[in-house]
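Structural overview for review
Chain by chain, the residues run as shown.
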Amino acid sequence: MTAAPGAPAAEHEHGHPGAPVLSLRGARLGFGGRTLWDDLSLDVCRGEFLAVLGPNGSGKSSLLRTILGQQELTAGEINFGGEPVRRGDRRIGYIPQQKMIPAGTPMRARDLVALGVNGHRFGLPLPRRGERERVDELLESVGATHFANAPVGTLSGGEQQRLRVGQALAGDPDLLLCDEPLLSLDLNHQREVSELIDRRRRSHGTPVVFVTHDVNPVLGMVDRILYLAGGRFREGTPDEVLRSDVLSDLYQTPVEVFRSHGRIVVMGLPDTHDHHPHNETPEAS
Amino acid sequence: MTTALAPLILTAAAGGGDDLWSRMFSFANYGELLQLVQNSVIAGAVLGIVGGLIGVFVMQRDMAFAVHGISELSFAGAAAALLLGVNVVAGSLVGSLIAAVIIGVLGSKARDRNSIIGVLMPFGLGLGILFLALYQGRTANKFGLLTGQIVSVDDPQLIWLIVISIVVLLGLGIMWRPLSFDSLDADVASARGVPTRAVSLTFMLLLGLMVAVSVQIIGALLVLALLVTPAAAAMRVSASPILVPILSMLFGFVSAVGGILLALGGSLPISPYITTISFAIYLVCRLIEARRTKTRSFRPSGETVAVAA
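Residues numbered from 1 in each chain as written. Chains lettered and ligands numbered in written order. Predicted model: local features only at pLDDT ≥ 70, side-chain atom pairs only at ≥ 80, totals over all residues. Heavy atoms only, no water.

1. Concerning the sheet that holds strand 9 (residues 224-229) of chain A
All names here are of chain A. Under the convention used in this document: Strands pair, by our definition, only if DSSP identifies at least two bridges between them. The helix and strand labels rest on DSSP assignments: H or I over at least four residues marks a helix, E over at least two residues marks a strand, and numbering proceeds from the N terminus. Axes here refer to lines fitted to C-alpha atoms; in helices the fit is confined to the stretch in contact. Angles between the N-to-C directions go from 0 to 180 degrees. A contact between two residues is defined here by any heavy atoms of the two lying within 4.5 Å.
Taken together, six strands build an open sheet; the order of strands is 6-7-8-3-9-10 and the sheet is mixed. The open sheet terminates on both sides in strands that have one partner only, identified here as strand 6 (92-95) and strand 10 (232-236). Here the average twist between neighbouring strands, direction ignored, is 15 degrees. Of the pairings in the sheet, the one linking strand 9 to strand 10 comprises five bridges and is antiparallel in character. Across the sheet, the residue bridging to Leu228 is Phe233, located in strand 10. Sheet contacts for helix 4 (residues 157-169): strand 6 and strand 7 (175-179); angle to strand 6, the most-contacted strand, approximately 170 degrees.

The structure is reproduced here in structure tokens:
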């Protein structure tokens, strides 16, 4: 549990072989007259960790919805596992933003994880053989065994988010999509949750697409960055993208990127609210 | 059956004297009365159980206000049916389902939903009052729609109510897990292949059906006592996804059947008995919860240390 920032991220045994898991070709998404991004071509291969950065309204969450098949592209194509994406594909594990679950919700920690196993299934809710064991296994894998029977409404944000990771892993996914999963967590919980996601990538080669407004908590894990801003984008390794000249060009306004103690601070952004590393403001997306 | 029963109730009340107590409670000729209201007791039992069950989802989906909104339109439908001289249960169903569909289609977001309900509800109530004002029949019928009049449940109606309740019960059973998933987190459920829109619309229809049944028994104004209070009480004392529905059904059953049985001898409507029992259960559950949070903790000690580290 000591993934120091800056450590090489690609030590998993699966490497980058074969066809990409997720691929976009000439993709464009626009609403009305506004284009969020255009001519986006991108491959995400096994074992890769792609961070998607950008200000509010730059189309980060829309990109996730497109991958989930909930949003049609305006142009271009998007394939998952060699086929066009479709809605409700259970080979994709989805980890949402941290939203506190209301106290009094009639659900224990293990029930939240169990929804990942059988929550899509119609029919009388009778337990099937092996489901309990599967849920125990998942709880164990996200370090939630000791609060397995606690009501979800009594758990902290970090604990709830660990359960959501377990829920997303239930389908043994081929791709993990994370939509600001660290939002409003404190630093310790940010580290714990991002390490859980990274551990799955290392052990199973499951690629990760990780939407975030602050790259620092995952900087040590990121292979590549897709930076969306103002209808344009840059893609590359953190060293290629997180540079003053690249971001200044992307935002078309002078932007400074500082690195200190393995952290990255971007200054002079048009909407600094969103980009301050310690920002706690929830993002409307 | 109403006509047969009314003199009996009056005699029972008169026999016990005119003081308040005997108007509220009187158990003279109880056995004979019980046979006469057998239908009502059955209807109350079914409604209590299924209402308690659907209430668990009403609470989770934060739809108490929607229940109230649907019940006012259900009342308008029933009043219209009364005026036109057609089946009141059918009228109530039509009103309920129209309201449920409008709320379900237009109000997928909580804020939209509340404003739509806020607009619909007075309109429905106003329509209902208009229809009742035009209606020339017995005043007891008018009052009954708003505050409940279970003794007017006759055999064909009873069969309707039971069939509808069973449909709701089966519907909830079949979509239990996807509905729970959708109630907890619609985005993730949708990503996992749950047809969330269809699930929520179906739920609204089931809720509409259940409200229409409840209006017949407890009255449009008091539907919440059977569709919300038992579930709210159960959720105070448990977080188990199995125990909460079971307790909620039990609370609903006790409130409805207990209310009918207590009201039997007196000359008052059953609704205050039902609402009072269900409220008392809620209070007791809150007390139990308050005692428990003092003494029990779900997490092992040491957790706080880990967080602080």
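What follows picks up the thread again.
2. As for the pattern of salt bridges
A side chain of one charge can pair with a side chain of the opposite charge when the charged atoms of the two come close. All names here are of chain A. For clarity, the cut-off: Whenever Lys or Arg places a side-chain nitrogen within 4 Å of a carboxyl oxygen from Asp or Glu, that contact is recorded as a salt bridge. Relative accessible area decides the class of each residue, using a 1.4 Å probe on protein chains only: under 20% of the type maximum gives buried, over 50% gives exposed, and in between gives partly exposed.
Applying the stated rule across the entire model yields 22 salt bridges over all chains. As a salt-bridge pair, Asp239 and Arg259 come within 3.2 Å of each other at their nearest N and O atoms. Taken as a pair, Asp239 in helix 6 (residues 238-241) and Arg259 in strand 11 (residues 256-260) lie far apart in primary sequence, 20 residues in all. For Arg259, a relative accessible area of 48% puts it in the partly exposed group. Between Arg243 and Asp245 there is a salt bridge; the shortest N-O distance is 2.9 Å. By sharing partners, the salt bridges in this structure join Asp198, Arg201, Arg202 and Asp223 into a single network.

3. Describing a nonpolar patch on the surface
Note the following rule: Each patch is built from residues that are more than 30% exposed by relative accessible area and take part in no salt bridge. Like charges join if they lie within 9 Å; nonpolar side chains (Val, Leu, Ile, Met, Phe, Trp, Tyr) join within 5 Å. Computed with a 1.4 Å probe, the accessible areas rest on the Shrake-Rupley method; for each residue, only the protein chains presented here act as cover.
A cluster of nonpolar side chains, Leu83(B), Leu84(B), Val86(B), Leu130(B) and Leu134(B), forms an exposed patch at the surface whose accessible area comes to about 460 Å². Sorting the residues of the nonpolar patch by element identifies helix 5 (64-84) and helix 7 (110-134) of chain B as the ones contributing at least two each.

4. Things to note about the confidence of the model for chain B
Residue and element names in this part refer to chain B. We count it as follows: Values of pLDDT, ranging from 0 to 100, describe the predictor's confidence in every residue of the model.
When pLDDT is averaged across chain B, the result is 84; 86% of the residues are at 70 or more. Segment residues 1-16 is flagged for pLDDT under 50; beyond a separation of four residues in sequence, or across chains, it makes 25 contacts in the model. Below pLDDT 50 for its whole length, residues 300-309 participates in six contacts with residues either more than four positions away or in separate chains. Prediction confidence for the complex, expressed as pTM and ipTM, is 0.84 and 0.84 respectively.

5. Description of the pairing of strand 2 (residues 34-44) of chain A
Residues in a regular strand project their side chains so that they alternate between the two faces of the sheet. Residues and elements named next belong to chain A. Bridge analysis of strand 1 (residues 22-31) against strand 2 gives seven bridges, and the strand direction is antiparallel. Residue Ala27 lies in a different strand from strand 2, and its bridge partner there is Leu40. Between strand 1 and the antiparallel strand that follows it, strand 2, lie two residues; Gly32 among them carries a positive phi value of about 60 degrees.

6. Things to note about the interface of chain A and chain B
Interfaces are often described in size by the accessible area the parts lose on coming together. Our working definition: What gets called buried area is simply the loss in accessible area from a 1.4 Å probe that two parts show on being joined, summed for both. Between N or O atoms, a polar contact is any pair within 3.5 Å; within protein, one atom must be a potential hydrogen donor and the other a potential acceptor, and residues adjacent in sequence are included only when both atoms are from side chains.
Taken residue by residue, the interface counts 40 residues in chain A and 32 residues in chain B. Summed over both sides, the interface of chain A with chain B buries roughly 3200 Å², with 58% coming from carbon and sulfur. For the interface between chain A and chain B, the tally reads two salt bridges. Between Asp185(B) and Arg164(A) there is a salt bridge whose closest N-O contact spans 3.9 Å. Summed over the shared surface of chain A and chain B, the result is five residue pairs in polar contact (both at pLDDT 80 or more).

7. Looking at empty space enclosed by the protein
Short version of the rule: In this analysis a 1.4 Å probe is tested at points of a 1 Å grid over the protein atoms alone, and where it fits but cannot get out there is a cavity; an open set with protein on both sides within 12 Å along at least five of seven lines is a pocket; lining residues have an atom within 4 Å of a point. Grid points are joined across faces, edges and corners, and a volume is the space filled by probe spheres set on the points.
As enumerated under the stated definition, the model contains two cavities of 30 Å³ or more in all. Here the second largest cavity is characterised by a volume of approximately 40 Å³. Taken together, Tyr94(A), Gln167(A), Ala168(A), Val188(B), Ala191(B) and Arg192(B) make up the lining of the second largest cavity.

8. Some words on the packing of helix 9 (residues 155-174) of chain B against helix 12 (residues 196-218) of chain B
Residues and elements named next belong to chain B. To keep it simple, the criterion reads: In this scheme, roughly parallel covers angles under 35 degrees and roughly antiparallel covers those over 145, while 65 to 115 is roughly perpendicular and the rest are oblique. Working rule for handedness: look at the near helix, and if it is turned counterclockwise from the far one by less than a right angle, call the crossing left-handed; if clockwise, right-handed. Each residue gets one label: Ala, Val, Leu, Ile, Met, Phe, Trp, Tyr, Cys and Pro are nonpolar, Asp, Glu, Lys and Arg are charged, and the others, such as Gly, are polar.
It is at 10 Å that the axes of helix 9 and helix 12 come closest, and there the two elements cross at 150 degrees. Here helix 9 is positioned roughly antiparallel relative to helix 12, judged by the angle of their axes. When the axes of helix 9 and helix 12 are compared, the crossing they make is left-handed. Of helix 12, the residues touching helix 9 (which contributes Leu161, Ile164, Ser165, Val167, Val168, Gly171 and Leu172) are Phe203, Leu206, Leu209, Met210, Val213, Gln216 and Ile217. A breakdown of the residues in the contact of helix 9 with helix 12 according to their chemical character gives eleven nonpolar, three polar and no charged.

9. What to know about helix 4 (residues 38-60) of chain B
Residue and element names in this part refer to chain B. Note the threshold: Expected span of a helix, by definition, is 1.5 Å for each gap between consecutive residues, and there is one gap fewer than residues.
Counted at 1.5 Å a residue, the expected span for helix 4 with its 23 residues is 33 Å, and the 34 Å between its end C-alpha atoms agrees. Counting buried positions over the 23 residues of helix 4 gives 18, a clear majority of the element. At the exit of helix 4 stands Asp62, carrying a positive phi of roughly 55 degrees.

10. Quick word on the sheet that holds strand 5 (residues 83-84) of chain A
Residue and element names in this part refer to chain A. Spatially, the four strands line up as an open sheet ordered 2-1-4-5, and their pairing is antiparallel. Across the chains shown, the open sheet's two edge strands, defined by having one partner strand only, are strand 2 and strand 5. Relative to strand 1, helix 1 (residues 60-67) is tilted by about 125 degrees, and along the sheet it contacts strand 1, strand 2 and strand 4 (75-80).

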